Amino acid sequence: MARTRIKICCIETEGEARMAVAAGADLLGLVGPMPSGPGPIPLAQATEIAGAAPPWARPVLLTASETADAIEADATLAGVGTVQVVRHIAPGEAAKLATRGLTVIQVIHMSDPDAPNVMERHAPYCDAFLLDSGRPGEAVLGGTGETHDWALSAEVVRRSQRPVFLAGGLDPSNVAEAISRVRPFGVDVCSRLRPEGRLDRALLEAFVSAVCRTERHAA
């Protein structure tokens with residue numbers, strides 16, 4: 001079994017970033033302006049955190065912008081080369097974004113029964129997908145702390161020709177089962193590691209340990 005990448009999201013400070021990197025994070029999620037959800041920080045603050053990240057822990061800006069121009073501007077202001085697009089943007093805008101030299105992670109909200117087809121429409125224009133439990137119709141674009149249908153997620157993983165991250169309600173108690181059932185390229189976690197609104201070191205380390213144990217058992 002290939003190593004499961006770990007993305008720790010909703011990083012708010014350089015201290016949290018250092019804690020996540022020390023625990024074994026491969027990617028650091030920096031939440032830009034959002035209509036709802038935990039962890040949004042000003043883009044200037046994201047720039048400081050991204051600039052302090054070591055080369056082996058990639059900073060990723062979560063953006064709710066819907067056009068290629070706006071998403072590129074967000075990335076420039078935050079000083080990052082990777083964006084996580086949290087809306088199901090129009091395929092035409094996705095095609096434009098693909099020409100801007102950014103690494104693009106496209107979120108697929110699994111509340112949409114058309115999710116596998118949404119994935120296929122965006123596949124030519126992104127580098128990876130992230131499956132989450134948002135409800136775009138209610139302007140809830142992530143950070144729900146809720147799981148979704150892992151059977152549907154596993155179907156998306158099977159059909160995808162791009163790497164797929166699994167998000168939505170993951171924590172130390174369920175991430176091993178999630179990996180076993182879905183077989184994602186990586187896992188993403190935010191709210192369940194932040195019970196008091198801050199990244200909890202013990203929960204973070206337990207989460208990473210659970211991922212690593214799953215890999216050892218599958219080897």
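Predicted model only: the values in this text are computed from it and were never measured. (Residues numbered from 1 in each chain as written. Predicted model: local features only at pLDDT ≥ 70, side-chain atom pairs only at ≥ 80, totals over all residues. Heavy atoms only, no water.)

Caption draft 1: Here's a closer look at the state of the cysteines. By the definition in use, this model includes 1 disulfide. Two residues, Cys 10 and Cys 190, share a disulfide whose sulfurs are 1.9 Å apart. Because the torsion about its S-S bond is -105°, the bridge between Cys 10 and Cys 190 counts as left-handed. Highlighted residues: Cys 10 in the loop between strand S1 (5-8) and helix H1 (14-23) and Cys 190 in the loop between strand S8 (186-189) and helix H8 (201-218), separated in sequence by 180 residues. Of the two residues, Cys 10 and Cys 190, both sit in the buried class. The cysteine Cys 9 is free of any disulfide, with Cys 10 supplying the nearest cysteine sulfur at 4.4 Å. Free cysteine: Cys 212, not disulfide-bonded; nearest cysteine sulfur from Cys 9 at 19 Å. The class of Cys 212 is partly exposed, set by a relative accessible area of 29%. (Disulfide = S-S within 2.5 Å. Helix = DSSP H or I, 4+ residues; strand = E, 2+ residues; numbered from the N terminus. Buried < 20%, exposed > 50% of the residue type's maximum accessible area, 1.4 Å probe, protein only.)

Caption draft 2: Region of interest: the pattern of salt bridges. Counted according to the given criterion, the structure contains 13 salt bridges. For Arg 100, the salt bridge is made with Asp 69, and the minimal N-O distance between the two is 2.9 Å. Linking Arg 100 in the loop between helix H4 (91-97) and strand S5 (103-109) with Asp 69 in helix H3 (residues 68-78), this pair joins segments that are 31 residues apart in sequence. What makes Asp 69 exposed here is its relative accessible area of 52%. Between Asp 171 and Arg 192 there is a salt bridge, with the nearest N and O atoms lying 2.6 Å from each other. Here Asp 171, found in the loop between strand S7 (164-166) and helix H7 (175-182), pairs with Arg 192, found in the loop between S8 and H8; they are 21 residues apart in sequence, far enough to count as distant. A residue is classified by how much of its surface remains accessible, and Arg 192, at 33% relative accessible area, is partly exposed. (Salt bridge = Lys/Arg side-chain N within 4 Å of Asp/Glu carboxyl O.)

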